Amino acid sequence: MSKALEKANIVEQAIGEYSSKPAEGSVPRYVVGKPNIFSPEIFLARVQEVMDSGWHTNDGPMVQRLEAFAAKSFGVSNCIAVANATLGLELLLQALNLPAHSKVIVPSFTFVASVHAIVRAGLRPEFCDVDERGMIDCAHAESLIDSDTSAILAVNIYGFACDVGRLESIAQRHRIQLLFDSAHGVGVKTSTGSLGQHGSAEVFSLHATKIVSGFEGGLITTNNASLASALRLARNFGFSGYDQVSCVGTNAKLSEIHAAMALTNFEGLESAISHNAKIFCVYEKELSPEVRLISPLASESSNYQYVAVKCPAGLRDHILDHLLKNGVFARRYFYPGVHQMDPYRACQVDLPRTNALCDSILCLPTGPPVLAEDAVQIAALFNAGLSISR
Ligand code: T4K
């Protein structure tokens, strides 16, 4: 099959199901979430080190190096590496011993994992709306708190931060726990310190599509030493000694190879952020003035992990169609809102700003594999899609 035909088939398939999953064995050039490896040489040397060590998982030396490096970078006293952020959220919600079936307030404008973790921990999600940038609407969240509420799980999306200070005072006032799903937040700084330092704990993703990839993986950060110990036990079946199990746990351990990849990419974080910032500026300059990018506040420093564009009402899917036809695998993060997904539909909540964002947001390719000239080309295709979709 010719290269052109092969590409046409991939695009055809993607348009058919509105999914950016590339056909087997081929990854198109312009993809949201294309993995980044800061230094393949350093990573491979570490793989060799792991193979030579005879210790491949179970809190090994590479995991410990990753945790120490990350804790220093986040400015937090404890960092616990786990198999992925979803399990990290689940473990955290369990380790806090929240009353069974109590309510956890969570935005619906998030990746479904945030909400699944609540349910899998035996708790009830209560959906709240978001602000114009897709961050939890603090006033709405506070209005939902009642005697059944045990926690707020706020989500720091796209490489930006929620109003952390306001959430902390709401949680204190109502004596409930505050947790953050900071899956997109490695390297983000707010006026109240780096993400990683807030609430009872925060959870970061090291998935292959993230700014610090460990292929898979997650990090939980907390300044609470006893919570950290409980999480360490729980990620390893509850073992507190060779033959001693002191709590119900699971297998949420990160392997040494995953840790080697994550450590290598963490060391390259600053360079990935400055690359992303450059690509963000190119999009800002090149995209039609009719659209707006979700942008950092003056008080925060973003990692620019996602370029999220707000499209004019009703045009987003036409633009996406045009991009897919031209080999740009843009993504609707997040669509639909979690409250409209099958397992959660029965909740029947009215979330007007969430619905509006779900219908208008389109994420464009960024990250170190995307060069400035690629962003210029993608922006031109986006603008063409915008004008023909009217
Ligand atoms: N909370 C939030 C707010 C999150 O966004 C996420 C995950 C989580 C929690 C849970 O974190 P983890 O448990 O995963 O650590 C992808 C990622 O799989 C997911 O990690 C991420 N958020 C979400 C936003 O994006 P999908 O279902 O869109 O994945 P998929 O397979 O469609 O791939 C995404 C894009 O990346 C595609 O455009 C293709 C590209 N890609 C992907 C992989 C795996 C590549 O080019 N190469 C690759 O190896 O969820």
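> Sorry if this is basic, but what is going on with the overall build of the protein here?
The helix and strand inventory of the protein stands at 13 helices and 16 strands. For 390 residues, the compact-globule formula gives about 21 Å, and the C-alpha radius of gyration of the protein, at 21 Å, lands near that figure. Each principal axis of the C-alpha atoms in the protein carries an extent, and together these give about 65 × 55 × 40 Å. In the protein, 31 positive and 38 negative side-chain charges are present, and the distance between their average locations comes to 2 Å.

> Looking at this structure, how should I read empty space enclosed by the protein?
A probe matching the size of a water molecule, rolled over the atoms, marks out where space remains unfilled. Counting across every chain of the model gives one cavity of 30 Å³ or more. Along its surface, the largest cavity is lined by 19 residues, and Lys34, Thr209, Gln305, Thr366 and Gly367 are the ones closest to its centre. Across the lining of the largest cavity, the residue classes break down as ten nonpolar, seven polar and two charged.

> I keep staring at the site of the ligand and nothing clicks. Help me out?
Close to the ligand lie 27 residues; Thr86, Asp181, His184, Arg331 and Tyr333 are nearest. Note that an oxygen atom of the ligand is positioned 3.0 Å from one of the backbone N or O atoms of Ala85. Counting residues per element, the ones that place at least two in the shell around the ligand are α4 (85-95) and α5 (113-120). Classifying every residue of the shell around the ligand by side-chain character gives eleven nonpolar, eleven polar and five charged.

> When you look at the sheet that holds strand β10 (residues 218-222) in this model, what are you seeing that I'm missing?
Pairing between the strands of a sheet comes from backbone hydrogen bonds, and it takes one of two forms, parallel or antiparallel. If you walk across this open sheet you meet the seven strands as β2-β10-β9-β6-β5-β3-β4, and the pairing is mixed. Because the sheet does not close on itself, it has two edges, and the strands there are β2 (78-82) and β4 (124-128). When strand polarity is set aside, the average angle formed by the axes of neighbouring strands in this sheet is 25°. Pairing of strand β5 (residues 149-155) with strand β6 (residues 177-181) involves five bridges; the strand directions are parallel. Within β6, the residue paired with Leu153 across the bridge is Leu179. Relative to the sheet, helix α3 (residues 61-74) contacts β2, β9 (201-205) and β10, its axis offset from that of β2 by approximately 135°.

> Explain the pattern of salt bridges here, please?
When the charged atoms of two side chains lie near each other, side chains of opposite charge can form a pair. Within the structure shown, the criterion is met by 19 salt bridges. Between Arg46 and Glu267 there is a salt bridge; the shortest N-O distance is 2.9 Å. You can see Arg46 sitting in helix α2 (residues 40-53) and its partner Glu267 sitting in helix α9 (residues 256-267), a full 221 residues away along the chain. As a salt-bridge pair, Asp317 and Arg332 come within 3.3 Å of each other at their nearest N and O atoms. In this pair, Asp317 sits in helix α11 (residues 316-325) while Arg332 sits in the loop between β15 (328-329) and α12 (352-360), placing the two residues 15 residues apart along the sequence. Residue class for Asp317 comes out partly exposed when judged on its relative accessible area of 27%. Salt bridges sharing partners connect three or more residues here, namely Asp59, Glu67, Arg232 and Arg235.

> Quick question: what am I supposed to make of the nonpolar core here?
The nonpolar side chains of soluble globular proteins are, as a tendency, buried together. Membership of the largest hydrophobic core comes to 65 residues, with the highest contact counts inside it found for Leu66, Phe109, Ile152, Tyr158, Leu219 and Phe266. Apart from residues no more than four positions distant in its own chain, Phe266 is found in contact with Leu66, Phe69, Ala70, Ser73, Phe74, Val186, Val212 and Leu219. Among the nonpolar cores identified, the runner-up in size contains 35 residues, and Leu92, Leu96, Ala228 and Ala234 belong to it.

> How do you make sense of the packing of α2 against α9 when you look at a structure like this?
Put simply, α2 and α9 touch, their axes get as near as 9 Å, and they point 150° apart. Classified by the interaxial angle, the pair formed by α2 and α9 is roughly antiparallel. Here α2 and α9 pass one another in a crossing that is right-handed. Seen from α2, the contacting residues are Ile42, Phe43, Arg46, Val47 and Val50; seen from α9, they are Glu256, Ile257, Ala260, Met261, Leu263, Thr264 and Glu267. Broken down by class, the residue content of the contact of α2 with α9 amounts to eight nonpolar, one polar and three charged.

> What's the story with the environment of Leu167 in this structure? I'm lost.
The residue Leu167 is located in helix α7 (residues 164-174) in this model. The class of Leu167 is buried, set by a relative accessible area of 0%. Between the C-alpha atoms of Leu167 and Cys138, which are 29 residues apart in sequence, the distance is 6.5 Å. Not counting the four nearest positions on each side in its chain, Leu167 is found in contact with Ile136, Cys138, Ala154, Cys162, Leu178 and Phe180.

> I tried to follow the confidence of the model for the protein on my own but got confused; where do I start?
Should pLDDT be low for a region, the predicted coordinates there are not to be read in detail. With 93% of its residues at a pLDDT of 70 or more, the protein has an overall mean of 93. Note that pLDDT drops below 50 for residues 1-22; the model gives that stretch 29 contacts with residues more than four away or on any other chain.

> Explanation requested: the packing of aromatic side chains in the structure shown.
Given two aromatic rings, one states the distance between the centres and the angle between the planes to describe the pair. Taken as a whole and assessed by the stated rule, the structure comprises 13 aromatic pairs. Ring centres of Tyr158 and Tyr306 lie 6.2 Å apart, and the angle between their planes is 55°; on these two criteria the pair is classed as tilted. A residue pair is termed long-range when its members are at least 10 positions apart, and Tyr158 in the loop between β5 and α7 and Tyr306 in the loop between β13 (292-293) and β14 (307-310) qualify at 148 residues. The burial state of Tyr158 is the same as that of Tyr306; both residues are buried. Following the ring pairs from residue to residue traces out a cluster consisting of Phe109, Tyr158, Tyr306, Tyr333 and Phe334.

> Sorry, what's going on with the sheet that holds strand β16 (residues 361-364) here?
Spatial ordering of the open sheet is given by β13-β14-β16, a layout of three strands whose pairing is antiparallel. Every other strand in the sheet has two partners, leaving β13 and β16 as the edge strands with one partner each. Together, β14 and β16 form the strand contacts of α12, whose direction differs from that of β16 by roughly 45°.

> Looking at this model, I keep getting lost on the state of the cysteines. Mind explaining?
Each disulfide consists of a covalent bond between the sulfur atoms of two cysteine residues. The final tally for this structure, using the stated rule, is zero disulfides. Sulfur of Cys162: no disulfide; nearest cysteine sulfur belongs to Cys138 and is 7.1 Å away. Judged by its relative accessible area of 7%, Cys162 falls in the buried class.

Analysis parameters
- Residues numbered from 1 in each chain as written.
- Predicted model: local features only at pLDDT ≥ 70, side-chain atom pairs only at ≥ 80, totals over all residues.
- Heavy atoms only, no water.
- Helix = DSSP H or I, 4+ residues; strand = E, 2+ residues; numbered from the N terminus.
- Rg over C-alpha atoms; globule rule 2.2 N^0.38 Å.
- Lys, Arg positive; Asp, Glu negative; His and termini not counted.
- Charge placed at Lys NZ, Arg CZ, Asp CG, Glu CD.
- 1 Å grid on protein atoms, 1.4 Å probe; cavity = no way out; pocket = protein on both sides within 12 Å on 5 of 7 lines; lining within 4 Å.
- Points joined across faces, edges and corners; volume = space filled by probe spheres on them.
- Nonpolar A, V, L, I, M, F, W, Y, C, P; charged D, E, K, R; others polar.
- Near = heavy atom within 4 Å.
- Polar contact = N/O pair within 3.5 Å; in protein donor to acceptor, adjacent residues only side chain to side chain.
- Pairing = 2+ DSSP bridges.
- Axes fitted to C-alpha atoms, helices over the stretch in contact; angles between N-to-C directions.
- Contact = heavy atoms within 4.5 Å.
- Salt bridge = Lys/Arg side-chain N within 4 Å of Asp/Glu carboxyl O.
- Buried < 20%, exposed > 50% of the residue type's maximum accessible area, 1.4 Å probe, protein only.
- Core = buried A, V, L, I, M, F, W, Y, C linked by side-chain atoms within 4.5 Å.
- Parallel < 35°, antiparallel > 145°, perpendicular 65-115°, else oblique.
- Left-handed = near helix turned anticlockwise from the far one by under 90°.
- pLDDT = per-residue confidence, 0-100.
- Phe/Tyr/Trp six-rings, centres within 6.5 Å; stacked < 30°, edge-to-face > 60°.
- Disulfide = S-S within 2.5 Å.

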